[in-house]
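Chain by chain, the residues run as shown.
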Amino acid sequence: MATSALLQALTTTLTTSLNPVVGDAIHPTSTDLLTSLTTTTLPPALPPGGGRPPPPDFLLHTQFVVDRVLIPLVVTFGIVGNFLSLVVLTRKEMASPTNSFLTALAISDISLLLLQVPMFFGLNPSVASTDSFKLFVRYYTVIM
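The present account deals with the structure reproduced in this document. (Residues numbered from 1 in each chain as written. Predicted model: local features only at pLDDT ≥ 70, side-chain atom pairs only at ≥ 80, totals over all residues. Heavy atoms only, no water.)

1. A few points about the overall build of the protein chain
Helix and strand counts for the protein chain come out as 6 helices and 0 strands. Along the protein chain, helices (α) and strands (β) appear in the sequence α-α-α-α-α-α when read from the amino end. Across the 144 residues in the protein chain, those meeting the buried criterion constitute 10%. Pairs at least 24 apart in sequence give 47% of the contacts found in the protein chain among residues at least 6 apart. On the protein chain, roughly 11900 Å² of surface is accessible, and the fraction owed to carbon and sulfur atoms is 72%. (Helix = DSSP H or I, 4+ residues; strand = E, 2+ residues; numbered from the N terminus. Buried < 20%, exposed > 50% of the residue type's maximum accessible area, 1.4 Å probe, protein only. Contact = heavy atoms within 4.5 Å. Areas by Shrake-Rupley, 256 points an atom, 1.4 Å probe, with all protein chains shown as cover.)

What follows is the structure, encoded as structure tokens:
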């Protein structure tokens, strides 16, 4: 008899846990869904015309500093520094296998930095808007 009472208690526990009550977190009712849909926050509206909102000022300032100040400075110092390395490494007294590799590295670095120079003209809006520059960039990108 104790076994049948235990079996009945176990059966009722299992059936109530397997049949959840409608309206709980797992099975919400339609009113729960309607309430959650009406209380959700909507994303901010797009500006008139459907475009993206303008970027923040700090992003524009950072982009200006990096694109028009830092990158040209790094490229300029890189070309000058590698050119000076070439002057030193190609002397007759500096002839060695290691210096030959360093010379080749300086030449390849100079050529890579020189490939970046025409792209600086694209930062100027009056130059970048011309059709000839757009055509140049199209072919230059393929060659690069």
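2. Structural notes on the packing of aromatic side chains
What the rule picks out here adds up to 2 aromatic pairs. An angle of 40° between the planes, with centres 6.1 Å apart, marks the rings of Phe-133 and Phe-136 as tilted. Of this pair, Phe-133 and Phe-136 both sit in helix H6 (residues 131–143), 3 residues apart, which is roughly one turn of the helix. Phe-133 gets classed as buried once you look at its relative accessible area, which sits at 12%. Ring geometry for Phe-136 versus Tyr-140: centroids 5.1 Å apart, planes at 20°, classification stacked. Of the two residues, Phe-136 and Tyr-140 are both situated in helix H6; the distance of 4 residues between them amounts to about one turn of the helix. These aromatic residues form a ring-pair network of at least three members: Phe-133, Phe-136 and Tyr-140. (Phe/Tyr/Trp six-rings, centres within 6.5 Å; stacked < 30°, edge-to-face > 60°.)

3. Looking at the packing of helix H4 (residues 97–120) against H6
Closest axis-to-axis distance for the H4/H6 pair is 11 Å, and the angle between their directions is 155°. By the criterion of interaxial angle, the relationship of H4 to H6 is roughly antiparallel. Between H4 and H6 the crossing geometry is left-handed. Residues Leu-114, Leu-115, Gln-116, Pro-118 and Met-119 of H4 pack against Phe-133, Phe-136, Val-137, Tyr-140 and Thr-141 of H6. Its residues assigned to classes, the contact of H4 with H6 shows 8 nonpolar, 2 polar and no charged. (Axes fitted to C-alpha atoms, helices over the stretch in contact; angles between N-to-C directions. Parallel < 35°, antiparallel > 145°, perpendicular 65-115°, else oblique. Left-handed = near helix turned anticlockwise from the far one by under 90°. Nonpolar A, V, L, I, M, F, W, Y, C, P; charged D, E, K, R; others polar.)

4. Topic: a nonpolar patch on the surface
There is a patch of nonpolar side chains on the surface, built from Phe-64, Val-66, Val-69, Leu-70, Ile-71, Leu-73 and Phe-77 and spanning about 610 Å² of accessible area. Here Val-66 is to be found in helix H3 (residues 57–89). Residue class for Val-66 comes out partly exposed when judged on its relative accessible area of 32%. (Patch = residues over 30% accessible without salt bridge, like charges linked within 9 Å, V, L, I, M, F, W, Y side chains within 5 Å. Salt bridge = Lys/Arg side-chain N within 4 Å of Asp/Glu carboxyl O.)

5. Quick word on the environment of Phe-133
The spacing of Phe-133 and Pro-118 is 15 residues in sequence and 9.9 Å in space, taken between C-alpha atoms. Apart from the residues lying within four places of it in its own chain, the contact partners of Phe-133 are Pro-118, Phe-121, Gly-122, Val-127 and Ala-128.

6. Things to note about the environment of Leu-105
Tracing the backbone through its elements, the reader meets Leu-105 in helix H4. In sequence terms Leu-105 and Asn-82 are 23 residues apart; their C-alpha atoms lie 8.9 Å from each other.

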